[in-house]
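Commentary on secondary and tertiary structure
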Amino acid sequence: MIRRLAALLVAALFLGLAGTGPAQAAGYRYWSFWDRDGDRWTYATEGPSTARPSDGAVQGFRFAVSEDSQDAARPRGTASFSAICARTPARDGMKRVALVLDFGTPADAPSGETPPAARTACARVRDDATTAEALASTAKPLRYDTNALLCAIAAYPETGCGDQVSTETTRDESKGEGEGNGEDRSASNPSGSPASSASPADDGGPSVGVYAGGALVAALAAAAAWQARRRRDA
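Residues numbered from 1 in each chain as written. Predicted model: local features only at pLDDT ≥ 70, side-chain atom pairs only at ≥ 80, totals over all residues. Heavy atoms only, no water.

1. Notes on the state of the cysteines
For the structure on display, the rule yields two disulfides. Residue Cys85 pairs covalently with Cys122 via a disulfide, S to S 2.1 Å. Judged by the sign of its S-S torsion, about 105°, the cystine formed by Cys85 and Cys122 is right-handed. Note that Cys85 is positioned in the loop between helix H2 (81-84) and strand S4 (94-102) and Cys122 in strand S5 (residues 119-126), a separation of 37 residues in sequence. A residue is classified by how much of its surface remains accessible, and Cys85, at 3% relative accessible area, is buried. The partner cysteine of Cys151 in its disulfide is Cys161, sulfur to sulfur 2.0 Å. Looking along the S-S bond of the Cys151-Cys161 disulfide, the torsion reads about -75°, which is the left-handed sense. (Disulfide = S-S within 2.5 Å. Helix = DSSP H or I, 4+ residues; strand = E, 2+ residues; numbered from the N terminus. Buried < 20%, exposed > 50% of the residue type's maximum accessible area, 1.4 Å probe, protein only.)

As structure tokens, this is what we get:
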């Protein structure tokens, strides 16, 4: 009987440990919003509907699958105000904002859709205009959800908004281009981006298998102790 219980204890411990593997990573497919600071991209600290860039600012948008703001892929391509706005002369009472629009990679695209080629635009808008207004003047149609989250630029993507997806098959391709240039990916969690909090199953804590295995081990250990006590008292 003791040997049988010992075997069961070992099996239960094995099953409990087997359930401790990492959960599949999950991310969000969405447009991230960036500010250009010198030669570096930094994740914007507020959404495009409230940000009011100054004249000469460079701002970027990148469509990709990201786990959170620190994991987000940066815009690629030209990010020079003088190059983007070279053919847009200044006007009194107006400001110019250079926009970099990166529609991402096929790996990050929703099923059945193909990302357009990345492009730049120079928005000339009134001095108090927001980034959203600058974007609307150059990349219509835009689409927002009921929480003012930017869902689509120039009608891309056609559907979806901050959808949760697996990042296992998209991470390398979506972030592979434009890396290695020393640009900053770190950021706080800004407004206008999908929530980055993980579900309880994805928070890296013990899995259900651990608790179940532990409970079974405790029960079997108690049974073994009872059996040994019974033999001593016989």
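From this point, things continue past the structure.
2. Looking at the pairing of strand S3 (residues 57-66)
Burial analysis of S3 places ten of its ten residues in the buried class, which makes it a mostly covered element. Side-chain alternation along S3 places Ala57, Gln59, Phe61, Phe63 and Val65 on one buried face and Val58, Gly60, Arg62, Ala64 and Ser66 on a second face that is also buried. With eight bridges joining them, strand S1 (residues 26-37) and S3 adopt antiparallel strand pairing. Counted as the bridge partner of Trp31 is Phe63 from S3. (Pairing = 2+ DSSP bridges.)

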